[in-house]
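The chain contents come next:
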Amino acid sequence: MQVVSTMHGQMTRGAGPNGAGSPGDFDFKVFVGGIGWETSEQKLRDYFEKYGQVKDVLLVRDRFTGQPRGFGFITFMSQEGADSCAATKKHEIDGRTVEVKHAVPRDQLQAAEAANAAKEESNADKATKNKVFVGGLLTTTNKEDLVKYFRT
């Protein structure tokens, strides 16, 4: 994954596991999803400056084509900027409604996804333990016939 970052007006390129910036930046960072291909780093910076001073803009691009992948990250200089931005329900940039929420470090996100998957699997196990597939029934077979058969 290629990351394009503009920090204080200067463009840099990096490819870290969580993008550019230090781990403490996650307190001030928001995820922006649904970004249009035509949206530039500067356009993102200009839009998000109304919520607080922007420290960094990361627009994730495909490493082979260079095309934007439709998401990025904005790092604010303060917690208030990130909170204000994330609390706003609707964001529209270049005619597209984008999703904005607090960024979560990749390792924490993967742990949360694994916990959710385990929970869903547990719920699926509970739901399927009392079910059985019965195929090849005649069209005249009804619910009472099945209940009668399986009760005996």
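Our structure is the block above this text.
Because the structure is a prediction, the values reported are computed rather than measured.

Let's talk about the environment of H102
Here H102 shows up in strand β7 (residues 96-102). Each C-alpha atom, one on H102 and one on V32, is 8.9 Å from the other, the two residues being 70 residues apart in sequence. What H102 contacts, discounting residues up to four positions off in sequence, is K29, V30, F31, Q79, A82, D83 and A86. Side-chain polar atoms of H102 contact the side chain of D83, separated by 3.2 Å.

Considerations on the pattern of salt bridges
Within the structure shown, the criterion is met by four salt bridges. Between D94 and K43 there is a salt bridge, with its nearest N and O atoms 2.9 Å apart. Here K43 lies in helix α1 (residues 41-48) and D94 lies in the loop between β6 (91-93) and β7, a separation of 51 residues in the sequence. One salt bridge in this structure joins E99 and K101, with 3.3 Å as the shortest N-O distance. Overall, the relative accessible area of 41% leaves E99 in the partly exposed class. Given a relative accessible area of 42%, K101 falls into the partly exposed group.

Reading the values: rules and limits
Residues numbered from 1 in each chain as written. Predicted model: local features only at pLDDT ≥ 70, side-chain atom pairs only at ≥ 80, totals over all residues. Heavy atoms only, no water. Helix = DSSP H or I, 4+ residues; strand = E, 2+ residues; numbered from the N terminus. Contact = heavy atoms within 4.5 Å. Polar contact = N/O pair within 3.5 Å; in protein donor to acceptor, adjacent residues only side chain to side chain. Salt bridge = Lys/Arg side-chain N within 4 Å of Asp/Glu carboxyl O. Buried < 20%, exposed > 50% of the residue type's maximum accessible area, 1.4 Å probe, protein only.

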